Amino acid sequence: SQKIEQNSEALNIQEGKTATLTCNYTNYSPAYLQWYRQDPGRGPVFLLLIRENEKEKRKERLKVTFDTTLKQSLFHITASQPADSATYLCALVSNYGQNFVFGPGTRLSVLP
Amino acid sequence: AAGVIQSPRHLIKEKRETATLKCYPIPRHDTVYWYQQGPGQDPQFLISFYEKMQSDKGSIPDRFSAQQFSDYHSELNMSSLELGDSALYFCASSVPRVIANTGELFFGEGSRLTVL
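What counts and what doesn't
Residues numbered from 1 in each chain as written. Chains lettered and ligands numbered in written order. Predicted model: local features only at pLDDT ≥ 70, side-chain atom pairs only at ≥ 80, totals over all residues. Heavy atoms only, no water. Helix = DSSP H or I, 4+ residues; strand = E, 2+ residues; numbered from the N terminus. Rg over C-alpha atoms; globule rule 2.2 N^0.38 Å. Contact = heavy atoms within 4.5 Å. Areas by Shrake-Rupley, 256 points an atom, 1.4 Å probe, with all protein chains shown as cover. Buried < 20%, exposed > 50% of the residue type's maximum accessible area, 1.4 Å probe, protein only. Phe/Tyr/Trp six-rings, centres within 6.5 Å; stacked < 30°, edge-to-face > 60°. Lys, Arg positive; Asp, Glu negative; His and termini not counted. Salt bridge = Lys/Arg side-chain N within 4 Å of Asp/Glu carboxyl O. Polar contact = N/O pair within 3.5 Å; in protein donor to acceptor, adjacent residues only side chain to side chain. pLDDT = per-residue confidence, 0-100. Disulfide = S-S within 2.5 Å. Pairing = 2+ DSSP bridges.

**Structural notes on the overall build of chain A**
Part 1 of the reasoning: Of the regular secondary structure elements, chain A holds zero helices and 11 strands.
Part 2 of the reasoning: The C-alpha atoms of chain A give 13 Å as radius of gyration, which agrees with the globular expectation for 112 residues (13 Å, within 12%).
Part 3 of the reasoning: Long-range pairs, those at least 24 residues apart, make up 55% of the contacts in chain A between residues at least 6 apart in sequence.
Part 4 of the reasoning: Of the roughly 5500 Å² of accessible surface on chain A, 48% is carried by carbon and sulfur atoms.

**Quick look at the overall build of chain B**
Part 1 of the reasoning: When its secondary structure is counted, chain B shows zero helices and 11 strands.
Part 2 of the reasoning: Ordering the α and β elements of chain B from the N terminus gives β-β-β-β-β-β-β-β-β-β-β.
Part 3 of the reasoning: Whereas a compact globule of 116 residues would reach a radius of gyration of roughly 13 Å, chain B reaches 14 Å, a difference of no more than 12%.
Part 4 of the reasoning: In terms of its C-alpha atoms, chain B occupies a principal-axis envelope of roughly 45 × 25 × 20 Å.
Part 5 of the reasoning: For chain B, buried positions account for 47% of its 116 residues.
Part 6 of the reasoning: In chain B, the proportion of contacts linking residues at least 24 apart, taken out of those at least 6 apart, comes to 53%.
Part 7 of the reasoning: In the form shown here, chain B has an accessible surface area of approximately 5700 Å², with 52% of it arising from carbon and sulfur atoms.

**Some points on the packing of aromatic side chains**
Aromatic ring pairs are defined here through the distance separating the ring centres and the angle between the ring planes.
Part 1 of the reasoning: By the definition in use, this model includes 12 aromatic pairs over all chains.
Part 2 of the reasoning: An aromatic cluster is present here, built from Tyr36(A), Phe46(A), Phe102(A), Tyr35(B), Phe45(B), Phe90(B) and Phe107(B) joined pairwise through their rings.

**Regarding the side chain of Asp42(B)**
Part 1 of the reasoning: Within the element layout of this structure, Asp42(B) appears in the loop between strand E4 (31-37) and strand E5 (44-50).
Part 2 of the reasoning: No salt bridge is formed by the buried Asp42(B); the nearest opposite charge belongs to Arg107(A), separated by 12 Å.
Part 3 of the reasoning: Polar contacts involving the side chain of Asp42(B) include one to the side chain of Gln44(B), which spans 2.9 Å.
Part 4 of the reasoning: Discounting chain neighbours no more than four positions away, the residues touching Asp42(B) are Leu89(A), Phe102(A), Gly103(A), Pro104(A), Gln36(B) and Gln37(B).

**Thoughts on the confidence of the model for chain B**
Part 1 of the reasoning: Summing up the model confidence of chain B, the mean pLDDT is 91 and the portion of residues at 70 or higher is 93%.
Part 2 of the reasoning: Predicted confidence in chain B is weakest over strand E6 (residues 53-57) of chain B, with a mean pLDDT of 86, and strongest over strand E3 (residues 19-24) of chain B, with 98.

**Things to note about unusual backbone geometry**
Residue and element names in this part refer to chain B.
Part 1 of the reasoning: At the junction of Ser7 and Pro8, the peptide bond is cis and its omega measures out at -10° in the coordinates.
Part 2 of the reasoning: One can find Pro8 in the loop between strand E1 (5-7) and strand E2 (10-13).
Part 3 of the reasoning: With a phi close to 75°, Arg28 is a non-glycine residue in the positive phi region.
Part 4 of the reasoning: Position of Arg28 among the secondary structure elements: in the loop between E3 and E4.
Part 5 of the reasoning: Judged by relative accessible area, Arg28 falls into the exposed class, the value being 74%.

**Some points on the state of the cysteines**
Residue and element names in this part refer to chain A.
Part 1 of the reasoning: In this structure the tally under the stated criterion is two disulfides over all chains.
Part 2 of the reasoning: Paired by a disulfide, Cys23 and Cys90 hold their sulfur atoms 2.1 Å apart. Between Cys23 and Cys90 the disulfide shows an S-S torsion of about 65°. By sign, it is right-handed. Placement of Cys23 in strand E3 (residues 19-26) and of Cys90 in strand E9 (residues 86-93) is noted, with a sequence separation of 67 residues between them. The burial state of Cys23 is the same as that of Cys90; both residues are buried.

**Notes on the pairing of strand E8 (residues 74-78) of chain B**
All names here are of chain B.
Part 1 of the reasoning: Burial analysis of E8 places four of its five residues in the buried class, the great majority of the element.
Part 2 of the reasoning: Of the pairings in the sheet, the one linking E3 to E8 comprises five bridges and is antiparallel in character. Each residue of the ladder has a partner; that of Ala19, found in E8, is Met78.
Part 3 of the reasoning: Sheet topology places strand E7 (residues 64-68) next to E8; five bridges connect them, and they run antiparallel. By the bridge assignment for E8, Ala66 is matched with Leu76.
Part 4 of the reasoning: Hairpin connection of E7 to E8: five residues between the antiparallel strands, including Tyr72 at a positive phi of 75°.

Structure (structure tokens):
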């Protein structure tokens with residue numbers, strides 16, 4: 001069956017460190033994968049998209065990698081700040097339609 | 001810049017009542033998606049519309065229906081409400097694929113439905 005997993009439900013790191021979040025999927029062949037940030041009670045906000053033919057994508061302090069062989073994407077936040085504390089969701093397009101399927105999310109807490 | 005507008009923001013209903021949620025996508029976005037997010041859960045895809053036609057269907061209960069109108073706004077109708085329907089309902093829109101093939105979703109702030 002199709003499944004999206006994210007490394008852990010919650011991740012606590014110290015301010016200034018690099019946070020690394022993992023997204024693994026099975027039985028999908030996504031053309032691209034996206035990462036969103038969601039704050040409590042708010043709608044998800046798009047951060048980055050990476051296509052299947054791209055190995056890495058960067059945007060300011062964010063970096064995303066995509067390994068279609070491992071069926072995995074890594075999401076890095078460098079020089080993390082308390083303001084980065086949020087839930088981060090990976091999303092990909094399902095094989096059978098145009099809808100976006102979200103992973104369960106990882107709640108990141110950056111401690112001052 | 002204009003964002004996705006959802007109304008109402010909060011809604012309280014009794015069991016077995018009906019509710020209607022509205023979504024106004026960003027201007028010139030032709031695709032609308034509805035998601036349901038329970039407490040501590042990830043957003044679950046319900047249904048999507050492209051150019052006023054249903055394009056995909058997810059875990060939407062038979063008690064729910066939705067449509068997209070000529071002005072591209074969408075409505076989610078929920079009948080025979082159950083306690084388990086209490087959730088945040090998000091609408092998202094995206095640009096036409098012929099313009100930007102990024103598939104980025106722009107989410108509204110959500111409508112919080114509480115069923116008592």
